[in-house]
Each structure stands twice: as C-alpha cells, then as structure tokens.
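# Working through the structure, step by step
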Amino acid sequence: MPVDAREYAAALGQYAAGVCLLTVKDDIDDVGTTVTSVMSVSAAPPLVAVGLNADGYPAEVLEAVGTCALTVLAAPHAIVASRFSSAGRPSARHLLETVPWTRAAGSGAIVLAEAPVALDCRLERLVEAGDHVLALLRVEDVPVLNPTAPPLLRLRGRFVDETGAQAGRG
C-alpha cells in the first residue's frame with residue numbers, strides 16, 4: 001500500500017536534522033537554498049550528498065556552475081533558514097544584508113562567517129531520486145570552522161537549537 005505524502009513528511013519530521021545553506025555563485029548572481037537532507041558519504045575522498053528539489057533553480061544552477069558552498073547554520077540563523085526556504089526569493093546577498101559572510105576561495109560562493117562549519121565543494125554528479133536529485137559533492141576546503149557555535153536543527157516542522165527550544169531569530 002502506498003504511503004501518503006503528508007504522512008511520510010510528518011513521520012520524517014520526527015527526525016531532527018541539521019540545517020544548511022547551499023549557495024552557488026553563477027555569472028549573474030548568488031543563489032541559495034535551505035537544505036536539511038545532507039549526509040556524509042566518504043572521508044577519502046571527502047564527499048557529502050545533498051538532497052535538492054529536482055525542479056528547483058538551485059539544482060539547475062549548481063549543475064551549470066559545478067561548484068557551491070555548504071554552510072551548516074547556527075541556532076541564531078533561524079531567520080536565514082526561513083528566508084532561503086521560501087520560493088521566489090531575491091538575490092542571496094540581499095537576504096544576507098545583516099549577516100556576516102565571506103566567499104569560499106574555490107567556488108566563490110557565499111559562506112556565513114559565524115556558522116559552525118562551511119564546506120567549499122565541487123559537484124561530482126547529480127543522481128535522480130524521485131522528485132529530488134542527490135548532489136554528490138567533493139569537499140575541497142573548509143573555509144569556516146567554529147566548533148563552539150550552536151547548531152540549528154529542524155524538528156517537527158520548526159527550527160530549534162540543540163536543546164529543542166525554538167531557535168533564535170538573529
């Protein structure tokens with residue numbers, strides 16, 4: 001018997017997931033999207049997999065450009081996660097006007113300076129996966145590493161800190 005999509009989403013909402021910002025710099029602008037489907041794949045070579053909406057602009061731009069940055073968001077970045085999870089958003093730089101950021105050396109993509117960690121990546125390949133694609137990314141650099149920054153999590157449809165309390169709106 002097929003599983004209802006809403007029931008499936010509600011079931012997986014019980015699983016706490018880290019929240020990341022995937023950014024891509026193309027020849028026109030910076031694009032970004034909030035992602036919670038991130039998985040470490042390999043240490044040698046260093047690979048991560050990221051789930052992206054197959055019909056989404058970020059996946060299309062990533063495929064065309066071939067490089068990106070993946071920033072693990074901190075608890076105070078809940079508003080950033082919300083901004084980048086909505087459709088029809090403006091330039092990534094516009095959404096980050098009050099948030100300290102820099103550019104990753106390899107990809108040139110935006111990384112948040114106060115995040116727990118950011119990864120500068122090169123696209124290995126996209127793999128079709130239902131209504132999503134899995135972007136297999138080779139990590140080429142770690143431009144941000146703040147191991148004491150509190151992580152942002154997604155749990156039961158809300159952004160929370162590591163204690164389960166609603167995350168800050170900074």
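Being a predicted model, the structure only gives us computed values, none of them experimental. (Residues numbered from 1 in each chain as written. Predicted model: local features only at pLDDT ≥ 70, side-chain atom pairs only at ≥ 80, totals over all residues. Heavy atoms only, no water.)

### Digging into the overall build of the protein chain
- Tallying secondary structure elements over the protein chain gives four helices and 12 strands in all.
- Since a compact globule built from 170 residues should have a radius of gyration of about 15 Å, the 15 Å found for the protein chain is in line with a globular shape.
- Its C-alpha atoms give the protein chain principal-axis dimensions of roughly 45 × 35 × 35 Å.
- Going through the 170 residues of the protein chain one by one, you find that 44% of them count as buried. (Helix = DSSP H or I, 4+ residues; strand = E, 2+ residues; numbered from the N terminus. Rg over C-alpha atoms; globule rule 2.2 N^0.38 Å. Buried < 20%, exposed > 50% of the residue type's maximum accessible area, 1.4 Å probe, protein only.)

### Considering the pairing of strand 10 (residues 132-145)
- Sheet analysis places strand 5 (residues 46-53) next to strand 10, joined by seven bridges and oriented antiparallel. Note on strand 10: the bridge partner recorded for Ala-49 is Leu-136.
- In the sheet, strand 9 (residues 117-129) pairs with strand 10 via 11 bridges, with the strands oriented antiparallel. Along strand 10, the bridge assignment pairs Glu-128 with Val-133.
- Between strand 9 and the antiparallel strand that follows it, strand 10, lie two residues; Gly-130 among them carries a positive phi value of about 65°. (Pairing = 2+ DSSP bridges.)

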